[in-house]
Each structure stands twice: as C-alpha cells, then as structure tokens.
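Read off the chains here:
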Amino acid sequence: QVQLVESGGGLVQAGGSLRLSCLASGIIFSISDMGWYRQAPGKQRELVARITSGTNINYIDSVKGRFTISRDNAKNTVYLQMNSLKPEDTAVYYCNAYVPRRDYWGQGTQVTVSS
C-alpha cells in the first residue's frame, strides 16, 4: 500500500508561483508513475503532469512552459513547480501514484489564483 500527502497550495495573484509537494510512504519501491491531477468546481478531474520511474515526463498543453514536475526518490517526494499562474489554474490539486493494477491518491491541496 502507498500513502500520499500533498502540501504547498495556497492563494496567489496571477503571475505568481507555488510549489506543490507530495510525500509518499508505504511500499514506495513499487511505485512506477507519479503525477499531479486537478479538479475545478463543476469540472472533471484532469491530468496536469506525469513522471515515470524512468523520468519520462508529460504535461497537458495548457501548462507547458509554466509548470515543472520533478521527483526526488531519496526523499520519496514528487514536486510540481507552478510559475506564471493564471486564474484558470484554480483547482484542487491531487497527487497520484501508480502501482500496477492500482492507483493511489492524496487528499488534495487547494490552489487559488486571483486576477
């Protein structure tokens, strides 16, 4: 089993930055892919960024050039550096870890971007 705890959300002005962190515990050596998802009110949850155990990275088009996902295996932590934030980035951000045949989720952290 894997437990995930997110932190780093908050309220920022448009153009500002935040860094989200996700600490994993449990059977962490079984984790392959990790990612960040977000869900805004009235919208479905969407993938924001994903990083594999081989450090292959994918982003949705709307965050390319602004967000950076990284992984520190020694600290069992995945990060999402968010720069040039826009009001449309406002959402609850969730950490995800994939073990074959199972997805694990954190509780989410709120990111609010004011205009």
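Note that the coordinates shown come from a computational prediction; the quantities given were computed from them, not determined experimentally.

Novice: When you look at the sheet that holds strand S1 (residues 2–7) in this model, what are you seeing that I'm missing?
Specialist: Hydrogen bonds between backbone groups are what pair the strands of a sheet, and the pairing can be parallel or antiparallel. Taken together, 4 strands build an open sheet; the order of strands is S1-S3-S8-S7 and the sheet is antiparallel. Taken across any chain shown, the strands that pair with only one partner, and hence form the sheet edges, are S1 and strand S7 (67–72). If you compare each strand with its neighbour and ignore which way they point, the axes differ by 15 degrees on average. By the bridge criterion, 6 bridges tie S7 to strand S8 (residues 77–82) in an arrangement that is antiparallel. By the bridge assignment, Arg-71 is partnered in S8 with Val-78.

Novice: Whenever I open this one, the pattern of salt bridges confuses me. Can you help?
Specialist: Side-chain pairing between opposite charges can occur once the charged atoms of the two side chains come close. One pass over the full model with this rule turns up 4 salt bridges. When the shortest N-O distance is used, the salt bridge between Arg-38 and Glu-46 registers 2.8 Å. The exposure class of Glu-46 is partly exposed, given its relative accessible area of 33%. Residues Asp-89 and Arg-38 are paired through a salt bridge, measuring 3.0 Å at the closest nitrogen-oxygen approach. With Asp-89 in the loop between S8 and strand S9 (91–99) and Arg-38 in strand S4 (residues 34–39), this pair connects stretches of sequence that are 51 residues apart.

Novice: Honestly, the environment of Gln-13 in this entry has me stumped. Any pointers?
Specialist: By secondary structure assignment, the location of Gln-13 is in strand S2 (residues 10–13). Sequence separation between Gln-13 and Thr-109 is 96 residues, and the spatial gap between their C-alpha atoms is 17 Å. Excluding anything up to four places from it in sequence, Gln-13 contacts Val-113 and Ser-114.

Novice: How do you make sense of the packing of aromatic side chains when you look at a structure like this?
Specialist: The relation between two aromatic rings is expressed through the spacing of the ring centres and the mutual angle of the planes. Within this structure, the stated rule accounts for 1 aromatic pair. Each ring, one from Tyr-37 and one from Trp-105, has its centre 4.9 Å from the other, and the planes form 70 degrees; the classification is edge-to-face. Within this pair, whereas Tyr-37 is found in strand S4, its partner Trp-105 is found in strand S10 (residues 102–105), the two being separated by 68 residues in sequence. Classification of Trp-105 by relative accessible area gives partly exposed; the value is 36%. Between the NZ or CZ atom of Arg-45 and the centre of the ring of Tyr-94, over which it lies, the distance is 3.8 Å. Its guanidinium or amino end placed over the ring of Trp-105, Arg-45 lies 4.7 Å from that ring's centre, counting from NZ or CZ.

The rules behind the values
- Residues numbered from 1 in each chain as written.
- Predicted model: local features only at pLDDT ≥ 70, side-chain atom pairs only at ≥ 80, totals over all residues.
- Heavy atoms only, no water.
- Pairing = 2+ DSSP bridges.
- Helix = DSSP H or I, 4+ residues; strand = E, 2+ residues; numbered from the N terminus.
- Axes fitted to C-alpha atoms, helices over the stretch in contact; angles between N-to-C directions.
- Salt bridge = Lys/Arg side-chain N within 4 Å of Asp/Glu carboxyl O.
- Buried < 20%, exposed > 50% of the residue type's maximum accessible area, 1.4 Å probe, protein only.
- Contact = heavy atoms within 4.5 Å.
- Phe/Tyr/Trp six-rings, centres within 6.5 Å; stacked < 30°, edge-to-face > 60°.
- Lys NZ or Arg CZ within 6 Å of the ring centre and 35° of its normal.

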